Amino acid sequence: MAEVNTGGGGGGKHQKKRAKKLSTRIDMTPMVDLGFLLLTFFMLTTTFSQPKVIELTPPIKDITNPTKVDTTTLTLLLGKSDTVFYYNGLLRANHDSNNILQTDLSDNGLRKVVLGQNQFVLNSIKDIQTQHNANKLSDTAYARLLDKAEGNKNARFVIIKTDSTTKYINVVRALDEMNICNIGKYSLIDASDDDLKMIADYKLTHKK
Amino acid sequence: MPKIKLPRNSPSIDMTPMVDLAFLLVTFFMLTTKFRPEEPVKVVIPFSVTTTKIPDNVMTLSIDSAGRVFFDMDGKDVRPEVLKSVMSKYKIELTTTDISRFAVMGTFGVPITKVKAYIKADDSQRKAMSDASAGIPMDTLRDNQLADWVYAGFTYGLAAYNEKKSKGENARPPKYAIKADGRAKYKLVKEVIDICQKAGIQHFELITSLKAMPKG
């Protein structure tokens with residue numbers, strides 16, 4: 001379509017030699033085609049969603065029973081499937097299967113348990129959040145107060161225990177629940193033999 | 001009745017603004033796109049609500065659903081050092097081409113005896129080798145090659161960072177990521193973490209993809 005103006009074929013009266021007048025307009029269609037082709041290609045190949053990470057700092061030594069305050073501790077035992085067994089407090093010699101309860105990793109399972117036990121921390125966090133949303137708090141003060149609320153000395157300390165059959169996805173789901181429920185302190189350790197025995201007992205007595 | 005004559009519009013419109021816009025977008029996408037080398041191992045990462053982005057300068061240990069472990073590391077300048085140190089331990093000679101090819105390689109998971117062949121191979125051969133391999137051996141008692149890679153990666157990554165920092169250059173501290181398949185056993189992930197801990201790594205990043213935060 002590049003238009004080149006050539007004088008109409010009919011000869012004029014005076015055949016003067018004139019420089020051909022070239023139009024300044026060039027056809028941009030092919031360039032546009034190419035441009036959009038490239039645009040489409042890059043749009044389709046670009047992925048904006050970078051993977052995200054959960055930060056994890058495992059304990060340096062293997063500890064089976066971290067010395068934490070008994071009353072604020074919640075122990076979770078992750079098994080082979082989505083089921084989670086849990087009990088409050090640390091593992092004691094007189095623990096038996098009557099002390100443990102069963103739930104699962106779904107939204108209505110573990111989350112309800114942990115949220116229920118950590119309610120007062122959540123309430124204080126909600127206060128801070130409403131203040132922050134109303135622009136009454138600076139970002140740094142907000143972060144500091146959040147840390148403080150999560151680190152409250154009565155806040156739950158969650159011990160996540162895994163056995164040899166636990167799947168990685170369930171560990172990530174449990175860690176994720178800790179984030180959702182604003183648990184500031186949690187640790188990830190191996191289940192002890194007593195824990196495993198307790199689960200086996202529990203399964204036996206609750207078979208019916 | 002007089003006829004109303006509609007002015008005849010030329011069918012050709014001025015495309016300049018559209019072209020401008022199109023090329024602006026092309027330029028944007030060209031500059032933001034980062035081409036990733038194809039991963040030799042397929043890992044289905046679990047979801048989480050965390051919004052922390054994956055950092056730069058990261059050493060990644062991938063674990064697939066069958067429990068095979070693969071190693072990868074950022075840093076074209078550090079990778080040759082890591083390779084040289086591990087290979088000298090196993091007394092395998094390398095040419096300079098091998099080393100420069102390794103610098104830009106990607107994730108790999110073959111035992112040490114096959115690393116040289118893997119570097120020389122082309123993409124399709126590499127894929128076949130990765131498929132056939134059982135990952136980097138990590139037998140804690142006899143043949144812990146993963147520990148050698150991790151240790152070399154940790155030492156040289158940190159050394160390079162410290163050197164850059166002392167020169168006042170802009171450098172990012174090395175980070176250590178674990179990219180495990182959700183179906184993998186946690187026991188295995190823990191073994192990998194243990195190996196890293198023995199090498200001196202304390203903090204880990206578990207790679208996940210984003211899911212929406214539930215309400216409340």
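Visitor: Help me out: how do you make sense of the overall build of chain B in this one?
Guide: Scanning chain B for helices and strands turns up seven helices and five strands. Listed by position from the N terminus, the elements making up chain B come as α-β-β-β-α-α-α-α-α-β-α-β. Taken over the C-alpha trace, chain B has a radius of gyration of 25 Å; the compact-globule value for 216 residues is 17 Å, which it surpasses by more than 25%. Each principal axis of the C-alpha atoms in chain B carries an extent, and together these give about 105 × 55 × 45 Å. Sorting the 216 residues of chain B into buried and exposed places 33% on the buried side. Of the contacts made within chain B by residues no fewer than 6 positions apart, 69% connect residues no fewer than 24 positions apart.

Visitor: How should the nonpolar core be read in this particular structure?
Guide: Soluble globular proteins: nonpolar side chains tend toward being buried together. With 70 residues, the main nonpolar core has Leu76 and Tyr168 of chain A together with Val69, Leu146, Ile178, Val189 and Val192 of chain B as its most contacted residues. Leaving out residues up to four positions away in the same chain, valine 192 of chain B has contacts with Leu61, Ile63, Val69 and Ile178 of chain B.

Visitor: Just checking my understanding: could you explain helix α2 (residues 79-89) of chain B for this structure?
Guide: In an α-helix, one full turn covers 3.6 residues, which means residues spaced three or four apart are oriented alike. All names here are of chain B. Where α2 is concerned, the buried positions are Arg79, Val82, Leu83 and Met87. Looking down the long axis of α2, one finds its buried residues gathered within 120° of arc, a one-sided arrangement. On the buried face of α2, the contacting elements are β3 (69-73), α3 (96-103) and α6 (145-166). Just beyond α2, the residue with positive phi is lysine 91, at close to 55°.

Visitor: Help me understand the interface of chain B and chain A in this model?
Guide: How large an interface is tends to be reported as the accessible area lost when its parts come together. Across the contact, 42 residues belong to chain B and 34 residues belong to chain A. Listing elements by their share of the side of chain B that touches chain A, those giving two or more residues are α1 (16-32), β4 (175-180), α7 (186-199) and β5 (204-210) of chain B. Sorting elements by how many residues they give to the side of chain B that touches chain A places α1 of chain B first, with nine residues. The residue inventory of the side of chain B that touches chain A, partitioned by class, reads 24 nonpolar, twelve polar and six charged.

Visitor: Explanation requested: the packing of helix α3 (residues 119-133) of chain A against helix α4 (residues 139-150) of chain A in the structure shown.
Guide: The geometry of a pair of packed helices is captured by two quantities: the angle between their axes and the separation between those axes. Residues and elements named next belong to chain A. The contact between α3 and α4 brings their axes to 9 Å, and the two run at 170°. On the basis of the axis angle, α3 is roughly antiparallel to α4. Contacts from Val121, Ser124, Ile125, Ile128 and His132 in α3 reach Tyr142, Leu145, Leu146, Ala149 and Glu150 in α4. Taken together, the residues of the contact of α3 with α4 break down into seven nonpolar, two polar and one charged.

Conventions we followed
Residues numbered from 1 in each chain as written. Chains lettered and ligands numbered in written order. Predicted model: local features only at pLDDT ≥ 70, side-chain atom pairs only at ≥ 80, totals over all residues. Helix = DSSP H or I, 4+ residues; strand = E, 2+ residues; numbered from the N terminus. Rg over C-alpha atoms; globule rule 2.2 N^0.38 Å. Buried ≥ 20, exposed ≤ 12 C-beta atoms within 10 Å, placed from the backbone. Contact = placed C-beta atoms within 7 Å. Core = buried A, V, L, I, M, F, W, Y, C linked by C-beta atoms within 7 Å. Arc of directions from axis to C-beta. Nonpolar A, V, L, I, M, F, W, Y, C, P; charged D, E, K, R; others polar. Axes fitted to C-alpha atoms, helices over the stretch in contact; angles between N-to-C directions. Parallel < 35°, antiparallel > 145°, perpendicular 65-115°, else oblique.

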